[in-house]
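The residues making up each chain are set out below.
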Amino acid sequence: MIIQNLVRNSPLCTRRGTTYNFGQFKMSTKIKAALIQCNVGKDKLENLKSVSKLIETAKQKGAELVALPECFNSPYGTNFFKEYAETIPDGPSSKMLAEHAKKHNIYLVGGTIPERDNGKIYNTCTVWNPNGELIAKYRKIHLFDIDIPGGITFKESEILSAGRELATFHIKDMKVGLGICYDMRFEELAKLYRLSECKLLIYPGAFNMTTGPMHWELIQRSRANDNQVYVLAISPARGDKGYIAWGHSQITDPWGKVMVSAGHEEEIIYGDIDETECDKVRQQIPISNQRRLDLYDTIKRSTSKI
Ligand SMILES: NC(=O)CCC(=O)C(=O)O
């Protein structure tokens with residue numbers, strides 16, 4: 001009886017005569033995620049080797065989804081991007097990622113690497129499935145160009161080109177959206193993923209010692225709460241030279257609560273992602289059905305009257 005009600009009420013199931021078609025019935029996905037906050041140095045091969053070991057450790061602890069930070073194969077800095085850039089999927093970093101996804105039978109979100117393509121360089125995230133196949137590629141859309149006097153000045157656009165496309169993939173039945181670091185400041189990107197039914201957003205990132213303490217946690221909780229999605233953000237460990245990363249990789253649940261966060265040294269954090277939590281919060285606080293889309297445009301057109 002319960003199953004029949006579920007079927008009748010489900011828009012995903014259709015009735016053929018007296019037989020219910022379960023072909024499209026959607027299962028809820030539960031998955032153990034590991035976020036690898038690794039040290040990154042100047043020796044690329046050394047970076048790849050040490051990340052390989054950390055991926056193995058994460059697998060041994062039961063992770064099915066493993067995610068790496070922004071620029072895991074090279075130091076983060078405009079003076080490094082050209083030297084460390086590789087083509088995808090035939091460069092050494094891609095090969096290592098494909099091999100480890102397959103060997104450990106995991107979904108592997110390959111942080112980011114500087115990608116060379118057609119004379120341009122992008123900051124690119126790749127995702128590999130348990131067969132070692134490339135299932136998503138995302139190029140950072142919003143380049144990190146900021147200037148805070150006495151704090152930090154950075155201009156990715158001096159070297160990097162910006163991506164122009166969103167990227168999603170599925171883990172079992174759960175849809176996942178990708179962004180990279182500075183992208184998390186743009187609520188429009190997260191909203192587009194939410195509108196396309198994503199339940200999990202993953203941002204490899206490397207905030208810094210000026211904006212990290214102010215915004216890193218706040219932004220992730222905001223994106224999670226606004227969109228009722230899980231948010232994973234994966235930072236490199238804090239080094240002591242060049243660009244100093246804030247660290248504090250974080251898993252935030254769809255209620256906007258920080259489930260777990262790292263310190264600033266090399267560390268792996270783990271968390272269970274349960275798609276039904278998104279369904280629960282979306283049902284109990286149904287903001288997506290309560291938007292006044294009938295009003296916003298009218299109000300926007302007459303803002304002079306506000
Ligand atoms: N790598 C980045 O995009 C850094 C973004 C950042 O630090 C910020 O404050 O935003």
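Residues numbered from 1 in each chain as written. Predicted model: local features only at pLDDT ≥ 70, side-chain atom pairs only at ≥ 80, totals over all residues. Heavy atoms only, no water.

- An unreviewed UniProt entry lists the chain under the name omega-amidase, from Henosepilachna vigintioctopunctata.
- The Sequence similarities (unreviewed entry) comment attached to the chain in UniProt states, word for word, "Belongs to the carbon-nitrogen hydrolase superfamily. NIT1/NIT2 family." (UniProt positions renumbered as here; feature names shortened; annotations may be inferred.)

**Here we look at the sheet that holds strand β12 (residues 174-178)**
Point 1. Strand order in the open sheet formed by six strands is β11-β12-β13-β14-β15-β16, and the pairing between neighbours is mixed. A strand with exactly one partner marks an edge of an open sheet, and here the two such strands are β11 (168-171) and β16 (258-261). The sheet shows a mean angle of 20° between the axes of neighbouring strands, direction not considered.
Point 2. Pairing analysis gives five bridges linking strand β13 (residues 200-204) to strand β14 (residues 230-234), with the strands arranged parallel. What sits directly across from leucine 201, in β14, is valine 231.
Point 3. The sheet strands contacting helix α6 (residues 211-227) are β13, β14, β15 (250-252) and β16, and the helix crosses β15 at an angle near 30°. (Pairing = 2+ DSSP bridges. Helix = DSSP H or I, 4+ residues; strand = E, 2+ residues; numbered from the N terminus. Axes fitted to C-alpha atoms, helices over the stretch in contact; angles between N-to-C directions. Contact = heavy atoms within 4.5 Å.)

**A short note on the packing of aromatic side chains**
Point 1. A complete count under the given rule lists nine aromatic pairs for this structure.
Point 2. Ring geometry for tyrosine 76 versus phenylalanine 154: centroids 4.9 Å apart, planes at 5°, classification stacked. Here the residue tyrosine 76 occupies a position in the loop between β4 (65-67) and α3 (78-84), and phenylalanine 154 occupies one in strand β10 (residues 152-155), the gap between them amounting to 78 residues.
Point 3. Its relative accessible area of 10% is what places tyrosine 76 among the buried residues.
Point 4. For phenylalanine 154, a relative accessible area of 10% gives the class buried.
Point 5. Between phenylalanine 80 and tyrosine 84, the aromatic rings sit 6.1 Å apart at their centres with planes inclined by 75°, giving edge-to-face as the arrangement. Taken together, the positions of phenylalanine 80 and tyrosine 84, both in helix α3 and four residues apart, correspond to about one turn of that helix.
Point 6. Residue classification places tyrosine 84 among the buried positions, given a relative accessible area of 4%.
Point 7. Following the ring pairs from residue to residue traces out a cluster consisting of Tyr76, Phe81, Phe144, Phe154, Tyr182, Phe186 and Tyr243.
Point 8. Lying across the ring of tyrosine 122, arginine 139 places its NZ or CZ 3.9 Å from the centre. (Phe/Tyr/Trp six-rings, centres within 6.5 Å; stacked < 30°, edge-to-face > 60°. Buried < 20%, exposed > 50% of the residue type's maximum accessible area, 1.4 Å probe, protein only. Lys NZ or Arg CZ within 6 Å of the ring centre and 35° of its normal.)

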